[in-house]
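Structure assessment
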Amino acid sequence: MTSVVAIILGVTLLSGPLFPGVTLATEPEPVALETGNVTVSAVELSEDVTLEKGSYGAASYYLDTPPVRVQFANRTGRPTLIYELTIEELGYTRTTNHFLDDSTGDTYTLTLASDTFTDGEIEREQYNGTVTVSKRDGSGHGVVAMRNVTISVVE
Amino acid sequence: MTATEFVGRLRQRTPVLSNTRETVYAVLFGDRLGLTVFLATVVLFGLLWRTAFLINDSYTLANGLYSLSNGQLAMTEAVYGPGLETPGASRYDGQWYARNYGVVVLSLPLVLVLDLLAAVVELRIALVALWSLALLALVVECGYYTDGDWVLYGGAVAVLGLFGLNVTLAQPLDAGRTHLYALQLTHLLIAAFTPVVFYRLLSRVHTRRLGLLSAVVLTAGTPLAFWASVPKRHAVTGTVVVCIAYCLYRSHTPADGAVITQRQTFRALAYALVGVYAWVHAPEALLLCVTLPLVDIPTARDNSPRTLARIGVIFALSLLPFIITNLAISGSPIKPPRLVSGGGSLGSNAASSAGGSGGSSGSGGSSGSGGLLTPLAPLLGTLESGMQPLLLLGGELVSGIETLQQQPNDVYHAFVRSGSAGGALDNTGEESVNLSLLESAPVLVAMVGALPVIRRLRLPSSMADRTLSADRVVDAFAITTFVGVVLLYNSRLPLHAQVTARYLFPLYPLGVYLFVRLPAVRKSLTDHWRLFLWTVAGTVLIGGQVTVVLVAVTVNGIGEAFQLHALLALGSAVPLGIWALSGRSKGRAGQIGTVLLGAATGVAAVFLLLTTVEYYALGDTHLLPMMRALGELLTLY
């Protein structure tokens, strides 16, 4: 027991300025984003976007956007993929950035963060929206795919 | 002095030292199991600790502590948060002041300790080491209770492994925010004494086994751990209420302790706790100031003027820090920040207008009683302003009763089912993230087990010559305070930023105490304690995974997640309530009841874990790097 205490206290002492050579707690290294190159060969966009009344008795409507599957023809460095949904009639835009790196495989699933709308905001049974997938990499910004979708309100 | 002499003297002192150690041990934890409860609780709270602000109100405390640590009572600089005008801050003579000064002052030494630590070691590693040492101490304690050394050695290896894991994953902790950490640590340590004293109370009233099991129900089955590291009054209130109940019990039983040899001392201590608590949150202290004597004086053996005067003096002394702080801030002894505010409502946020209302009452008293009474005017003025808080409290309690009659829907949403109720939404009015009392702690439904007990209860033919036993006195205090807290906040609930009905926080320990006292619950828990613990563990480990999958598959946002947990909680509460109503504990019925109690406790624990790891991860700012990593890994919606 004493030795365990000694190890714990010893390691703690090592972490301080008394031992400048030792760094135990390190900030994550800042990574250079939007580098390299990405070419998307195929995009699977589902059009099944819904505004669903909160389940389990929760208030408000939850925006449920299906994930988009993309296939890469080529991917190097740390490019960013951006999934965006715009519903002009509601004055609403939501984007979610996905940061890719070497651990990303040949395909990738893009998700969009969910959002809520109050009961007062939802007045119609369906809305028109636009789904956009774009990329940012070493060669700049480019739209990968864009599609008009119908967002149906589900009570 | 030679070395031999020195050692000789040290030897002579050893019994004294070990006596002191024993005394401190006995005073704080009662016995070895009490220490084990404390360590287990601290380890759990450490796991869930996030070094960030959950709620705006805490900015006020952190800035207050920052100023105080620089020798200033008034807040000088908004080091934390958007500015000095944060919820709960009050303005006097053009300067902003914090509140809850009791805990702010108590956190001062910890700021110093943390600053010192930060100077010599990396703060993150230091706190990880402290947590690991607490875990190691817990392993040693557990090793004491089990045969064989495998717990000890296995545990020690596990502690080292976890320490290594945490150090590997560690990122530096911002050493400039020690005021926040100090406040969190103070609250966490105070909160850890809720289950400890709860254990001590119930192990005295009943058995140590029941005491321990009740501490498990309280810690895992109610939102105690969620609020433990949040710099708000709630965890403190819970501990104070349980401590008062404990002192009340000891003051009604023959003194047998080594340190306190007179029961009157415990009685005085109960009142002193109320006085000291006023320094943290005056309105709730005021409520306790009414419920405690209401139960204590009619049931005490000795109410001679001398005894009462002695208690009065101690109570007055315990109020001194509160009075001095108020005098320094507002110039009035009874007007703490936030007690008497604008609209006459206890605890509303219109603190800036407090100067007006309190001041006018004082002057109104002296001007109205002119003429003959002029010499007495200051006294009358003081009396009148002293009565004012009591009148306000009375008003709040009455409006609590009115709410029961006039807005039964609100009461339903606050206590039973939050759902999509407007009042239970968050600030933006979109997410249903404020659970009801029962959804936060479904075990509390076991309180309905009081109904069959009351039905069978036969009142003694003569009440006059009957003195209540100590446990009945504590029951009476728990019931009175329970009702008092309900009425005090009834008119304001449901409300945003409650998460788990935090205003009603004292109801969690009081409620658990009350239902554990019911013979059916008590007997079932004690008879089938292994079954109970296995059910809690099973619900958390297996039920927890099922819940994670359910959330991941069916939930799109935090409101839906909270309501899923709410329904699971109510789902576990309904059968438990039916069992409690049956009032049976023999044979199969007792086993069923135990399983239902364990399930309801486990369901609340799963909510607690997922809330701290996922829903309110506060930017994955967990103190322990391994919890941060878990939070980063887990993305459910």
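Scope of this entry: the structure provided in the associated data block. Remember, predicted model here, so these are calculated numbers, not experimental data. (Residues numbered from 1 in each chain as written. Chains lettered and ligands numbered in written order. Predicted model: local features only at pLDDT ≥ 70, side-chain atom pairs only at ≥ 80, totals over all residues. Heavy atoms only, no water.)

Considering the interface of chain A and chain B
Taken together, the contact pairs 31 residues of chain A with 38 residues of chain B. Between chain A and chain B, a total of about 2800 Å² is buried, with carbon and sulfur atoms accounting for 67% of that surface. On the chain A side of the contact with chain B, A:Met1, A:Ile8 and A:Tyr56 bury the most area, a combined 26% of that side's loss. Our count for the chain A to chain B interface comes out at zero salt bridges. At the junction of chain A and chain B, the tally comes to 13 residue pairs in polar contact (both at pLDDT 80 or more). Of all the secondary structure elements, the ones that give two or more residues to the side of chain A that touches chain B are helix H1 (2–14) and strand E3 (61–64) of chain A. (Contact = heavy atoms within 4.5 Å. Buried area = accessible area lost by both parts, 1.4 Å probe. Salt bridge = Lys/Arg side-chain N within 4 Å of Asp/Glu carboxyl O. Polar contact = N/O pair within 3.5 Å; in protein donor to acceptor, adjacent residues only side chain to side chain. Helix = DSSP H or I, 4+ residues; strand = E, 2+ residues; numbered from the N terminus.)

Re the environment of B:Asn70
Residue and element names in this part refer to chain B. Relative to the helices and strands, Asn-70 resides in the loop between helix H3 (57–69) and strand E1 (90–92). Residues Asn-70 and Arg-250, spaced 180 residues apart in sequence, show a C-alpha to C-alpha distance of 41 Å. In this structure the side chain of Asn-70 is engaged in a polar contact, spanning 3.1 Å, whose partner is the backbone oxygen of Tyr-66.

Some remarks on the sheet that holds strand E9 (residues 126–137) of chain A
Taking strand neighbours across the sheet as the criterion, the seven strands line up as E6-E5-E9-E10-E2-E3-E8 (chain A) in an open arrangement whose pairing is mixed. Every other strand in the sheet has two partners, leaving strand E6 (92–99) and strand E8 (116–117) of chain A as the edge strands with one partner each. (Pairing = 2+ DSSP bridges.)

Regarding the side chain of B:Thr325
Among the structural elements, B:Thr325 can be located in helix H14 (residues 320–329). With near-sequence residues (within four places) excluded, B:Thr325 lies in contact with B:Tyr101 and B:Trp279.

Re the pairing of strand E5 (residues 80–87) of chain A
Residue and element names in this part refer to chain A. Within E5, seven of the eight residues are buried, leaving the element largely enclosed by the surrounding structure. Strand direction decides the pairing type here: E5 and E6, joined by eight bridges, are antiparallel. Within E6, the residue paired with Thr-86 across the bridge is Thr-93. Linking two consecutive strands that pair antiparallel, namely E5 and E6, is a turn of four residues; a positive phi of about 60° is found at Gly-91 within it. In this structure, E5 lies alongside E9, joined through seven bridges in antiparallel fashion. Residue pairing in the sheet places Glu-84 in a bridge with Thr-132 of E9. (Buried < 20%, exposed > 50% of the residue type's maximum accessible area, 1.4 Å probe, protein only.)

A short note on the packing of aromatic side chains
Residues and elements named next belong to chain B. A complete count under the given rule lists 17 aromatic pairs over all chains for this structure. Ring centres of Phe-53 and Tyr-59 lie 4.3 Å apart, and the angle between their planes is 40°; this geometry places the pair in the tilted category. With relative accessibility at 14%, the residue Phe-53 sits in the buried group. Tyr-59 sits in the buried class, given a relative accessible area of 18%. (Phe/Tyr/Trp six-rings, centres within 6.5 Å; stacked < 30°, edge-to-face > 60°.)

Considering the nonpolar core
In this structure, B:Phe477, B:Leu504, B:Phe515, B:Phe562 and B:Leu597 are the most contacted members of the largest nonpolar core, which totals 182 residues. The element contributing the most residues to this core is helix H7 (residues 178–205) of chain B, with 17 residues. Every residue in contact with B:Phe562, bar those within four places of it in the chain, is listed here: B:Ser432, B:Val433, B:Leu435, B:Val499, B:Phe607, B:Thr611, B:Tyr615 and B:Tyr616. Membership of the second largest hydrophobic core comes to 27 residues, among which are A:Val40, A:Val49, A:Leu51 and A:Ile151. (Core = buried A, V, L, I, M, F, W, Y, C linked by side-chain atoms within 4.5 Å.)

Quick word on the sheet that holds strand E7 (residues 107–110) of chain A
Residues and elements named next belong to chain A. Reading across from one edge, E1-E4-E7 is the order of the three strands in this open sheet, with antiparallel pairing throughout. Each of the sheet's edge strands pairs with one partner strand only, and the pair in question is strand E1 (37–44) and E7. In this sheet, adjacent strand axes meet at a mean angle of 35° when their direction is disregarded. Sheet topology places E1 next to strand E4 (residues 68–76); seven bridges connect them, and they run antiparallel. Opposite Val-40, over in E4, you have Phe-72 as the bridge partner. (Axes fitted to C-alpha atoms, helices over the stretch in contact; angles between N-to-C directions.)

Quick notes on the pattern of salt bridges
In the structure shown here, the tally under the stated rule is 21 salt bridges over all chains. A:Arg147 is the partner of A:Glu47 in a salt bridge, and the nearest nitrogen-oxygen pair spans 4.0 Å. With A:Glu47 in the loop between E1 and strand E2 (49–53) and A:Arg147 in strand E10 (residues 140–154), this pair connects stretches of sequence that are 100 residues apart. The exposure class assigned to A:Glu47 is partly exposed, which follows from its relative accessible area of 46%. A single network of salt bridges, built from pairs that share partners, joins B:Asp471, B:Arg472, B:Asp475 and B:Arg517.

What is shown is where atoms sit, not what they do.
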